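A structural walkthrough
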Amino acid sequence: MNKSTRLSLDRILQSQGFGTRKWCRSLIADGEVRVHGDVVTDYRASFATEGLEFTLFDEVWPYREHVYIALNKPANFECSRKPSHHPGVLTLLSEQCEWRDVQPVGRLDHDTTGLLLMSDDGAFIHAQSSPKRHVPKVYLATTQEPVSDELIAQLLSGVQLHDEPAPLAALVCRRVAERQVEIVLEQGKYHQVKRMLAAAGNHCVALQRIAVGELLLSQLGLEEGEWCYLEAHHLALLAGQLT
Ligand code: URA
């Protein structure tokens, strides 16, 4: 971030997802906003955004140039911009996130649960979704049939999916229960885990993403449907390996 950025208070509130510029000006004029402890009623007052905290309706907000979010996605929510059969994942976030145009990083199927990253930073979304950035995704799949050694061997050596030019293999694949397997993938093809399991002769009955890169869902302490902001130390765990 440019450390010397100064913005007027109405622009600051608007950038943080508190509504239209007009609405933000009315909040300021009504004395609802404090900066450095003082009520500021002039929307033209400008502040350096670096490290800025302001208070709105007695709640303290740090200025965030962009937001990076982890959601523990429940089943029966869609990741698409225009959900058709189930509510969209954006409905689980705050109104500010909606104003900021937060979008999911990639997609999980409507019935897949677990770690979904979201952001309003287009460059971050693009970089995370790029096939050149090998960010491993870790899934826990519950299967209909017991997980056999042969299934694991097939997933590790690669299975041919319809419409794919070459077989796709898991980076890591290990049985964690009679009908549960942990699968680590580098790619994010459509229904990839489910299709790989089907191609190897089993069937996925439940799927949860438990990690992206080295960021573990378990370390975030989120119940299903809960979300949190990711801080710099979390983002460092998502770096992946560029090729
Ligand atoms: N693979 C799938 O089959 N579904 C997902 O949601 C993610 C990976």
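Residues numbered from 1 in each chain as written. Predicted model: local features only at pLDDT ≥ 70, side-chain atom pairs only at ≥ 80, totals over all residues. Heavy atoms only, no water.

**Considerations on the site of the ligand**
Taken together, L108, D109, T112, Y139, H191, Q192, V193, K194 and L207 make up all the residues around the ligand. The side chain of D109 places a nitrogen or oxygen atom 2.7 Å from a nitrogen atom of the ligand. The contact in question runs from an oxygen atom of the ligand to an N or O atom on the backbone of H191, over 3.2 Å. Within the complex, 96% of the 230 Å² of free accessible area of the ligand lies under protein. Judged by its atoms lying within 2 Å of the grid points, the ligand is housed in the largest pocket. The element best represented in the shell around the ligand is helix α6 (residues 192-199), accounting for three residues. When grouped by side-chain class, the residues that make up the shell around the ligand number four nonpolar, three polar and two charged. (Near = heavy atom within 4 Å. Polar contact = N/O pair within 3.5 Å; in protein donor to acceptor, adjacent residues only side chain to side chain. Areas by Shrake-Rupley, 256 points an atom, 1.4 Å probe, with all protein chains shown as cover. 1 Å grid on protein atoms, 1.4 Å probe; cavity = no way out; pocket = protein on both sides within 12 Å on 5 of 7 lines; lining within 4 Å. Sits in = over half its atoms within 2 Å of the grid points. Helix = DSSP H or I, 4+ residues; strand = E, 2+ residues; numbered from the N terminus. Nonpolar A, V, L, I, M, F, W, Y, C, P; charged D, E, K, R; others polar.)

**Quick notes on the domain arrangement of the protein chain**
What the domain assignment lists for the protein chain is domain 1 (6-62), domain 2 (68-132 + 214-238) and domain 3 (136-212). Counting residues at the interface gives 15 residues for domain 2 and nine residues for domain 3. Both faces combined, the contact of domain 2 with domain 3 buries some 970 Å², and carbon together with sulfur accounts for 42% of it. Here domain 2 is connected to domain 3 by two salt bridges. Of the charged contacts, one joins K194 and D109 as a salt bridge, the two residues approaching to 2.7 Å between their closest N and O atoms. Taken together, the links from domain 2 to domain 3 amount to nine residue pairs in polar contact (both at pLDDT 80 or more). (Domains from an automatic or database assignment. Contact = heavy atoms within 4.5 Å. Buried area = accessible area lost by both parts, 1.4 Å probe. Salt bridge = Lys/Arg side-chain N within 4 Å of Asp/Glu carboxyl O.)

**Points about the sheet that holds strand β2 (residues 33-35)**
On the basis of which strands lie adjacent, the open sheet formed by four strands has the order β3-β2-β5-β6 and antiparallel pairing. With one partner strand each, in any of the chains shown, β3 (38-39) and β6 (59-62) form the two edges of the open sheet. As defined by bridge partners, β2 adjoins β3 across two bridges and the pair is classed as antiparallel. Residue V35 lies in a different strand from β3, and its bridge partner there is D38. (Pairing = 2+ DSSP bridges.)

**With respect to empty space enclosed by the protein**
Tallied over the full model, the rule gives one cavity of 30 Å³ or more. Its volume calculated, the largest cavity comes out at about 80 Å³. Every residue lining the largest cavity is listed: Q16, F18, F54, W61, P62, R64, V67, Q96, C97, R100 and Y229. When contributions to the lining of the largest cavity are tallied by element, the ones reaching two or more residues are β6 and α3 (95-99). Residues lining the lining of the largest cavity come from more than one domain, with at least three contributed by each of domain 1 (6-62) and domain 2 (68-132 + 214-238). (Points joined across faces, edges and corners; volume = space filled by probe spheres on them.)

**Quick look at the layout of surface pockets**
Considered as a void within the structure, the largest pocket measures approximately 920 Å³ in volume. Lining the largest pocket are 36 residues, and of these G106, R107, L108, G188 and K189 lie nearest its centre. Looking at the lining of the largest pocket, the elements that each hand over two or more residues are α4 (122-129), β10 (133-134), β11 (137-143), α6 and β14 (204-212). Grouping the constituent residues of the lining of the largest pocket by class yields twelve nonpolar, 14 polar and ten charged. Split by domain, the residues of the lining of the largest pocket number at least three in each of domain 2 (68-132 + 214-238) and domain 3 (136-212).

**With respect to the pattern of salt bridges**
Tallying each qualifying case throughout the model produces twelve salt bridges. Notably, a salt bridge pairs E182 with R174, separated by 3.2 Å at the nearest N-O pair. On the basis of relative accessibility, which here comes to 14%, the residue E182 falls in the buried class. When the shortest N-O distance is used, the salt bridge between R179 and E178 registers 3.2 Å. Judged by its relative accessible area of 51%, E178 falls in the exposed class. By sharing partners, the salt bridges in this structure join D10, R21 and R25 into a single network. (Buried < 20%, exposed > 50% of the residue type's maximum accessible area, 1.4 Å probe, protein only.)

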